[in-house]
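The chain contents come next:
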Amino acid sequence: AFPFSTMPITADVLAVLQQEAQKCRTPNENSQVEKDECMLSFDSPFSPQGLYTNLNTWKSYGRDYAELDSKATGQKLYLYQKKYNVIKPQKSDDASVAEEADTEPTKLAIGVDGGFTGFDSDTEVQTEHMLCVLPSFTLIELSENDIPSAVSQCIAGIVANKGISAHEEFKAWHGDDDDEVKESMHSDALVQLALSDGMRPSPNRDDWKCSECGEKENLWFNLSDGYIGCGRRQWDGSGGCGAALRHFDASGKQYPLSVKLGTITPKGADVYSYAEDSMVTDKHLATHLAHFGIDIMQQEKYDKTLNEMEISLNKDFIYGAIVESGKHLQHVCGAGLIGLVNLGNSCYMNSVLQSLLAIPELKRKYLESASQLLLHAASSSSSENLANDFVTQFAKLMVGTMTTRYVQQRDESLTLDLAKGKQVYGADYVPRSNKDKQKNDADDEGVSCVAIKPRMLKRLVGAGHEEFSTNRQQDAVEYFRHFVEFMNRQERTHAALLDKTVPSLKSLFRMQLEERLQCVQSGKVRYSEAQDIVLKVDVDLSLASNYAEYQLQLKQQEQQEQQQQDGDGDSSMTDKEKNKVIPNIPFERLLQKYLAE
């Protein structure tokens, strides 16, 4: 059973349509249409009661707030959107193999051709669009001939518009124009030294190894002097020893371009410019390789490109290798246990918000008065600027994360999705199940965990900022400082709406720091004082409660690396990474050492 049923157009409803048609505004593809999320909650078209988009303001509301918006704006006509995540029916084993082969990602992106499809590869979205007349919430099929053309054109324009969120998410995952690999400034005038016997690479690929550590994977060939060295070590421990970069520095930074061995094909290869610190293209690559006797037309790919390595890492990454290693974690959700979806390099923002949302004073100020704040926003004459109202957006975030609203919606949606599946595929419909245990675990996470998307808050807080308005990765501490100052300014502007007995976030973190500097020669001491909201504490690994185990692991790694240099070791990092010992340092120990100093 579905939330609503449609009705034929009665005479009184037709009169309303004809009267209200002139208020409808038809958007074009570049119009700013908020069609994916309620302005005052995190309700979406996937919510059990769908989403209502105002045909005049192009702002959307959940069922709870649509009528309030209608009263505030005088608008009676809305586009009703309802989407269902329907699990596809059971498939044969042959079909499963073929489908998995077709859906392997080839691009580090989400929601684009060749990109990641996430955990929902076994689902399809069923969408319903209808015209809704308020305050009666009368739903009308868009196929009705009596709908005025101005109304139909407006709805068609909203449906065709990608929406603000889609534009931003596509940009975040597909990349900015600035992120495209560009031609190196050094390709035309690259210096290539005269060949000597030591510079010419062996025709046998098995002889290629890092000149420094002897590793045979992730090798970079310098196009100026033929030096072969490892790439840089990555954050997860993979990569190489970094010899190629050190060689660039040691050579006076004269030889900037290196090509990754194993990626060379007649179509090109991975080329990195250490001088420009980025991946580049080299239009003379064939000529530069020919200098060393390498015929690009005869080369075959045998190693992953950097893009493929990053895709593989994102696809197969086990988060337990970073924290909670060896522990069986159970997915949970509930009030205070709601996740934040990565909006595209927004991990820094999510981590800061999750920390702030746990502060009791912020709960008192925003959660306890959320109903009044959101009702005031919905009823105010400035409701069109809700996306730019910080108090409204933070109260909305509090409700979304600190209540069970979206846990309940998830449960209701699962029932509706199953009913929709039977409607689409027939009474014999059986949802597809997963046989792979690892995939089952992933699906359990997708079902058991609930997360929301703080898109409007991200846009608002980052607006006008040189870094936080972009989709690039940022530093969490810098964002925390920016967020605290931004909140402080916004709360002063909206002081009349907030509980004045609750201190500001800035005052909660503000501290007076005294620094003592002593001259080694004269023994004189100078004191200085400053206010800050961040305490900088050095992390001393020797304070770890498992320091002995960590030291033992380092020694074992050194022995393994030595064996690999001697040609006796296994280059596989899989088991070592799975059993990696992470230093566990109690915060109290760090603080005690800081205060003692």
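What counts, and at which threshold
Residues numbered from 1 in each chain as written. Predicted model: local features only at pLDDT ≥ 70, side-chain atom pairs only at ≥ 80, totals over all residues. Heavy atoms only, no water. Helix = DSSP H or I, 4+ residues; strand = E, 2+ residues; numbered from the N terminus. Buried < 20%, exposed > 50% of the residue type's maximum accessible area, 1.4 Å probe, protein only. Contact = heavy atoms within 4.5 Å. Areas by Shrake-Rupley, 256 points an atom, 1.4 Å probe, with all protein chains shown as cover. Pairing = 2+ DSSP bridges. Phe/Tyr/Trp six-rings, centres within 6.5 Å; stacked < 30°, edge-to-face > 60°. Polar contact = N/O pair within 3.5 Å; in protein donor to acceptor, adjacent residues only side chain to side chain. Lys, Arg positive; Asp, Glu negative; His and termini not counted. Salt bridge = Lys/Arg side-chain N within 4 Å of Asp/Glu carboxyl O. Core = buried A, V, L, I, M, F, W, Y, C linked by side-chain atoms within 4.5 Å. Axes fitted to C-alpha atoms, helices over the stretch in contact; angles between N-to-C directions.

**Structural notes on the overall build of the protein**
Phase 1: In terms of regular secondary structure, the protein is built from 20 helices and 15 strands.
Phase 2: The buried share among the 597 residues of the protein stands at 40%.
Phase 3: Sequence-distant contacts in the protein: of pairs separated by 6 or more residues, those separated by 24 or more amount to 72%.
Phase 4: Surface exposure of the protein reaches about 33,200 Å², of which carbon and sulfur atoms provide 49%.

**Thoughts on the sheet that holds strand β4 (residues 123-133)**
Phase 1: One open sheet holds the five strands; their spatial order is β2-β1-β3-β4-β5, and the pairing between them is antiparallel. Both outer strands of the open sheet, β2 (60-61) and β5 (138-141), are each paired with one neighbouring strand and no more.
Phase 2: Note: β4 against β5, four bridges, orientation antiparallel. Pairing of Met-130 across the sheet is with Glu-141, part of β5.

**Digging into the packing of aromatic side chains**
Phase 1: Going through the model one piece at a time under the given rule, you end up with 18 aromatic pairs.
Phase 2: An angle of 25° between the planes, with centres 5.7 Å apart, marks the rings of Phe-248 and Tyr-274 as stacked. Of this pair, Phe-248 sits in helix α6 (residues 243-250) while Tyr-274 sits in the loop between β10 (271-273) and β11 (278-281); the two residues are 26 residues apart in sequence, bridging distant segments of the chain.
Phase 3: On the accessibility criterion, Phe-248 (4% relative accessible area) is buried.
Phase 4: The buried category is assigned to Tyr-274, whose relative accessible area is 10%.

**Side note on the side chain of Asn-54**
Phase 1: Relative to the assigned elements, Asn-54 resides in strand β1 (residues 51-54).
Phase 2: Polar contacts involving the side chain of Asn-54 include one to the side chain of Asp-69, which spans 2.9 Å.
Phase 3: Within polar-contact distance, the side chain of Asn-54 engages the side chain of Tyr-78 at 3.4 Å.

**A closer look at the side chain of Asp-69**
Phase 1: Along the polypeptide, Asp-69 turns up in helix α2 (residues 63-73).
Phase 2: Buried and unpaired, Asp-69 has Lys-59 as its nearest opposite-charge partner, separated by 9.7 Å.
Phase 3: Separated by 2.6 Å, the side chains of Asp-69 and Tyr-78 make a polar contact.

**Considering the nonpolar core**
Phase 1: By size, the foremost hydrophobic cluster in this structure holds 62 residues, and its most contacted members are Leu-40, Leu-362, Tyr-366, Phe-390, Phe-394, Leu-397 and Phe-483.
Phase 2: Considering each element in turn, this core owes the most residues, eight residues, to helix α12 (residues 390-402).
Phase 3: Setting aside its immediate chain neighbours within four residues, Leu-40 contacts Tyr-61, Tyr-65, Leu-374, Ala-377, Ala-378, Leu-386, Thr-392 and Lys-396.
Phase 4: If you look at the next biggest cluster of nonpolar residues, it comprises 23 residues, including Trp-208, Val-280, Leu-289 and Ile-296.

**Quick look at helix α15 (residues 455-462)**
Phase 1: Among the eight residues that make up α15, seven are buried, leaving the element largely enclosed by the rest of the structure.
Phase 2: Residues of α15 that are buried include every one of Arg-455, Met-456, Leu-457, Lys-458, Leu-460, Val-461 and Gly-462, and no others.
Phase 3: One or two residues past the end of α15 sits Gly-464, with phi positive at roughly 80°.

**Some words on the sheet that holds strand β8 (residues 228-230)**
Phase 1: Judged by pairing direction, the sheet is mixed, and its six strands sit side by side in the order β6-β11-β10-β9-β7-β8 without closing on themselves. Strand pairing shows two members of the sheet lacking a second neighbour, β6 (182-183) and β8, which therefore form its edges.
Phase 2: Bridge count between β10 and β11: three bridges; the pairing is antiparallel. By the bridge assignment, Val-271 is partnered in β11 with Val-280.
Phase 3: α6 contacts β7 (219-222) and β8 of the sheet and is inclined by roughly 120° relative to β8.

**Here's the deal with the pairing of strand β3 (residues 77-87)**
Phase 1: The buried fraction of β3 amounts to eight of the 11 residues, a majority that puts the element mostly inside the structure.
Phase 2: Taken together, the four bridges between β1 and β3 define a ladder with antiparallel strand orientation. Counted as the bridge partner of Asn-54 is Tyr-78 from β3.
Phase 3: Looking at chain direction, β3 and β4 are connected through 11 bridges and run antiparallel. Residue pairing for β4: Gln-81 is matched across the bridge by His-129.

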